[in-house]
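As a plain string of letters, each chain reads:
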Amino acid sequence: MNPELLRRLPALRQAAQAGSLGLYLHVPFCVDRCTYCSFATTRDRSLQPATTTRLTAEVDAWGEALARPAVDTLYLGGGTPSLLSATELEGLTRAARRAFDLTPLVEATLEANPGTVDLAWLQRARHLGWDRISLGVQALDDGLLARLGRIHGAAQALESLRLAEQAGFRRRSADLMVGIPGQTLSRVLADARTLADTGIDHLSVYLLDLDKACPLRAEIDAGRLALPSEDEVADVFEALQVELPRLGLAPYEISNYARPGGASVHNTRYWERRPYLGLGPSAASQLGACRWTETSVIPAWAEGRGELDLQELDAAEALAEIPLLGLRLHRGVDWAALRTQAEVLNLRPLAEAWESRLRALATEGLTVWEGDQVHLSPRGMLLSNGILGMFV
Ligand code: SF4
């Protein structure tokens, strides 16, 4: 364990024992790199055995260090977790069961790339206890998928959703991307309808993010492709806000829609600031006042080397995160509870300043107050970056 974390271990253990944790495991391998990707992932599968072995050992080590705390959500993300062999997946799953108390487990999600799943693997995963699957569909247009460098076509994406259902995954989520060069509003709406028709219980709608250097960014910078304008993108999000609830998928967070009972419990814990432990290259953890991110350099991580980015939030930063993250949720924030917390922390003026700004935004139709509960309006959701900036 990193010496900085070791020094804080008693406090970390206390935070982990105070309630249930979310456990996130990162699998940093992909068949090919998508043209827009800036995640910690590699095509070099020769690193997979050592990385998976270390990940399994880390699960055991952290479970022991934190005195086998309770875990209520498991999440296997990537990268492409569906590239794990059935044996590797079984090893990781067994380690989680051995090292942590999974009695309160309510959700075990794994991410999968539609180009890498078959029925046998999905059935194995389901048998091991994984009960929710998130498939990176992104679009249902072969031309757009090729532009994104995805390894699958539209038909394969739909087939993977069908296979997941056949394997017994009653909870299935798909990702839909917005803002792809050449993507039209009618295309996005058609894809949303087709995905809803598959019976998925959850849809994540993401804006293509090209902040970091990547091949697609280079194409755009060279003038060979053009991104849709901000207005065009806003029109798409606005149309989805109307269309998805009609299709039975109600918004519960800025980017996420679900059927009743379909909201991701694991992801909701991030917006509610509930504790989580992330293991693997680039994985993030939050326990008590500590937050840390492991190195994203995969070979270094696999060998137990690499820098750890550790942060200790002060009281004002921790308080600011309640509205910063909580206002992403459709139900918003209980401001009476926030006010009480601010009193305890001696930060009442700060909470009052935020409140007066959020009340002013209500007159512009961007926030909605229902008693002491405040949430963003649909237009506020579209303009959330600007609004949430006040808490940073
Ligand atoms: S599948 Fe996901 S993690 Fe892998 S390269 Fe594509 S975007 Fe990146």
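Rules used in this analysis
Residues numbered from 1 in each chain as written. Predicted model: local features only at pLDDT ≥ 70, side-chain atom pairs only at ≥ 80, totals over all residues. Helix = DSSP H or I, 4+ residues; strand = E, 2+ residues; numbered from the N terminus. Buried ≥ 20, exposed ≤ 12 C-beta atoms within 10 Å, placed from the backbone. Contact = placed C-beta atoms within 7 Å. Pairing = 2+ DSSP bridges. Right-handed = clockwise from strand over helix to strand, strands pointing away. Near = placed C-beta within 6 Å. Nonpolar A, V, L, I, M, F, W, Y, C, P; charged D, E, K, R; others polar. Domains from an automatic or database assignment. Core = buried A, V, L, I, M, F, W, Y, C linked by C-beta atoms within 7 Å. Axes fitted to C-alpha atoms, helices over the stretch in contact; angles between N-to-C directions. Parallel < 35°, antiparallel > 145°, perpendicular 65-115°, else oblique. Left-handed = near helix turned anticlockwise from the far one by under 90°. Expected span 1.5 Å × (residues − 1). Arc of directions from axis to C-beta.

Trainee: Explain the environment of R68 residue by residue, including any values.
Mentor: Inspection of the secondary structure assignment puts R68 in the loop between α3 (48–65) and β2 (71–78). On the neighbour-count criterion, R68 (15 C-beta atoms within 10 Å) is partly exposed. Between the C-alpha atoms of R68 and F100, which are 32 residues apart in sequence, the distance is 4.6 Å. In contact with R68, not counting residues within four places along its chain, are G63, A99, F100 and D101.

Trainee: With reference to specific residues and values, describe the sheet that holds strand β14 (residues 367–370).
Mentor: Ordered in space as β13-β15-β14, the three strands form an open sheet in which the pairing is antiparallel. Only two strands of the sheet have a single partner each, and these edge strands are β13 (333–334) and β14. By the bridge criterion, four bridges tie β14 to strand β15 (residues 373–376) in an arrangement that is antiparallel. Bridged to V368 within β15 is H375.

Trainee: So what's going on with the pairing of strand β4 (residues 132–138)? Residues and values would help.
Mentor: With seven of its seven residues buried, β4 lies for the most part within the structure. Burial of β4 is two-sided: the residues R132, S134, G136 and Q138 facing one way and the residues I133, L135 and V137 facing the other way are all buried. Alignment of strand β3 (residues 107–112) against β4, held across four bridges, turns out to be parallel. Bridging from a neighbouring strand, L110 pairs with I133 of β4. Handedness of the β-α-β unit built from β3, helix α5 (residues 119–127) and β4 comes out right-handed. Here β4 runs beside strand β5 (residues 171–178); their pairing, made up of five bridges, is parallel.

Trainee: If you had to explain the site of the ligand to someone new, which residues and values would you point to?
Mentor: Residues in close proximity to the ligand include C30, R33, C34, C37, F39, T41, G78, G79, T80, N113 and G136, which together make up its full environment. The residue makeup of the shell around the ligand, split by class, is four nonpolar, six polar and one charged.

Trainee: Could you give an account of unusual backbone geometry, with specific residues and numbers?
Mentor: The residue after G78, namely G79, is reached through a cis peptide bond having omega 20°. In this fold, G79 is placed in the loop between β2 and α4 (86–99). Even without glycine at this site, R68 takes up a positive phi of about 50°. Non-glycine residue Q138 carries a positive phi angle of around 75°. Inspection of the secondary structure puts Q138 in strand β4.

Trainee: Got a sec to walk through the domain arrangement of the protein chain? Specific residues and values, please.
Mentor: When cut into domains, the protein chain gives domain 1 (3–271) and domain 2 (315–392). Computed over C-alpha atoms, the centres of domain 1 and domain 2 are 28 Å apart. For the side of domain 1 that touches domain 2, the elements supplying multiple residues, two or more each, are α10 (230–246), β7 (250–253) and α11 (265–271). When residues in the side of domain 1 that touches domain 2 are grouped by element, the largest group, four residues, is from α10. Within the side of domain 1 that touches domain 2, the residues separate by chemical class into seven nonpolar, one polar and two charged.

Trainee: Give a description of the nonpolar core that names residues and reports values.
Mentor: Counting residues in hydrophobic clusters, the biggest one holds 75 residues, and the most contacted among them are L23 and L203. Considering each element in turn, this core owes the most residues, six residues, to helix α7 (residues 154–166). Beyond its immediate sequence surroundings of up to four residues, L23 is in contact with V71, L74, A96, F100 and L277.

Trainee: Break down the packing of helix α8 (residues 185–197) against α10 for me, with residues and values.
Mentor: Close contact between α8 and α10 brings their axes to 10 Å; oriented N to C, the two are set at 30°. By the angle between their directions, the pair α8 and α10 is classed as roughly parallel. Our pair here, α8 against α10, has a crossing hand that is right-handed. Only D235, V236, A239, L240, E243 and L244 of α10 make contact with α8, whose side of the interface consists of L185, V188, L189 and A192. Here the contact of α8 with α10 is composed, by residue class, of eight nonpolar, no polar and two charged.

Trainee: How would you summarise the environment of R132 if you had to cite specific residues and measurements?
Mentor: Position of R132 among the secondary structure elements: in strand β4. Classification of R132 as buried rests on a count of 23 C-beta atoms within 10 Å. Sequence-wise, R132 and V31 are 101 residues apart; in three dimensions their C-alpha atoms are separated by 22 Å. The contact partners of R132, leaving out residues within four places of it in the chain, are E107, A108, T109, F169 and R171.

Trainee: Please set out α4 residue by residue, giving values where relevant.
Mentor: With 14 residues, α4 ought to run about 20 Å at 1.5 Å a step, and its terminal C-alpha atoms sit 20 Å apart, in line with that. Regarding α4, the residues found buried are L89, L92, T93, A96 and A99. Across the axial projection of α4, the buried residues extend over an arc of 145°, all falling on one side.

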